[in-house]
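If you want the building blocks of each chain, they are given just below.
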Amino acid sequence: MEERQDEQRMNCRIIDIHTHIYPVALARRAMEVTGHENDDFKKLPIRENLLARMREAGVDLSVNLPVVSKPQNQGEVNRFAKEAARKNIISFGGLHPDCENVIEELEKLKDMEMAGIKFHPPFQKVHLDDPKYEEMWRKINQLGFPVLIHMGTARIVRPYDLYPSGIRKILKFAPDIPIIMAHMGSFCMMKNPDEDLENLPENVFIDTAMSAELEEAGEFEKITRRFGTKRVLYGSDFPYGTQKAAIARIKDSSFTDSEKEDMLWRNAAKILKAVGKLPENIELQNFRKITIK
Ligand SMILES: [Zn+2]
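Residues numbered from 1 in each chain as written. Predicted model: local features only at pLDDT ≥ 70, side-chain atom pairs only at ≥ 80, totals over all residues.

A. Molecular detail of the pairing of strand 1 (residues 15–19). A large share of strand 1 lies buried, amounting to five of its five residues. Pairing between strand 1 and strand 2 (residues 61–64): three bridges, direction parallel. By the bridge assignment for strand 2, isoleucine 15 is matched with leucine 61. (Buried ≥ 20, exposed ≤ 12 C-beta atoms within 10 Å, placed from the backbone. Helix = DSSP H or I, 4+ residues; strand = E, 2+ residues; numbered from the N terminus. Pairing = 2+ DSSP bridges.)

B. Fine view of the environment of arginine 158. As for its position among the elements, arginine 158 is in the loop between strand 6 (147–149) and helix 8 (164–170). Given 12 C-beta atoms within a 10 Å radius, arginine 158 is considered exposed. Between the C-alpha atoms of arginine 158 and proline 121, which are 37 residues apart in sequence, the distance is 9.3 Å. Not counting residues up to four positions away in its chain, the partners in contact with arginine 158 are Pro122 and Thr153. (Contact = placed C-beta atoms within 7 Å.)

C. Structural context of the sheet that holds strand 9 (residues 232–233). Ordered by their spatial adjacency, six strands build an open sheet running 4-5-6-7-8-9, and the pairing between neighbours is parallel. Of all strands in the sheet, those bounded by a partner on one side alone are strand 4 (93–94) and strand 9. Where strand 7 (residues 179–181) meets strand 8 (residues 204–207), three bridges bridge the pair, whose relative direction is parallel. Directly across from isoleucine 180, in strand 8, lies its bridge partner phenylalanine 205.

D. Highlighting the pairing of strand 2. Here strand 2 shows no split at all, with Leu61 and Val63 on one side and Ser62 and Asn64 on the other all buried. By the bridge criterion, three bridges tie strand 2 to strand 3 (residues 89–91) in an arrangement that is parallel. Its bridge partner being in strand 3, valine 63 is matched across the sheet by isoleucine 90.

Set out below in structure tokens:
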């Protein structure tokens, strides 16, 4: 009960741009990467559990990001993602760049009204910045899909790991769409001395996924300050990270209330509104000024 009152006092919208849910039959297997496959049912990455965590943390809207790890799973993964969507859970489409007819698949995802496109280079085993994907990127740009990409390593270093330097190459083919670099642009998935976030255009964003779990608070503030709070999106990476911890990371920071609001929902809301995916109960205009406790 006390928690409920807390949420009301805070009265701030929260949009989690980075979550993963799976069909019940696959949810245990999805936890194998972290050795949590034998966890209690309540902890598994299924829709009901995400909704429960959202209620506890006061999250209004979560974005589900399906990963198509093999080209042959393209249809099935997206069918589930579409079916799993609710008014407070919206789905990006997963895309494997090597699936049989990638242009056609992109059109299908548009027809399915997916909110954006998710890539995971190390799991998909693709060099996302390879010039052979030029046509794919041009099509994504033409369809206007926001794109969210897993950046850096996935626990072990792989040749496919993507860093901001790779995003600079992709931008040549996809200059107009929002590109969201997950995991603080790779900096919580490996510090790479040759990489930086300098001189990336306005349409490139970072999300906070796993920062609370893997990064010092000071590091988070440093990166955010340099990159700009208008281009940082709250993301938890549920079930691998927790929504509450990721919210606390932003709330406990030294940014202003307005900057915290930008990161917790407003930046994401603008991206989703542009593709007609912002639910009606989340108003961008006329949203009254709030105080974040
Ligand atoms: Zn993730």
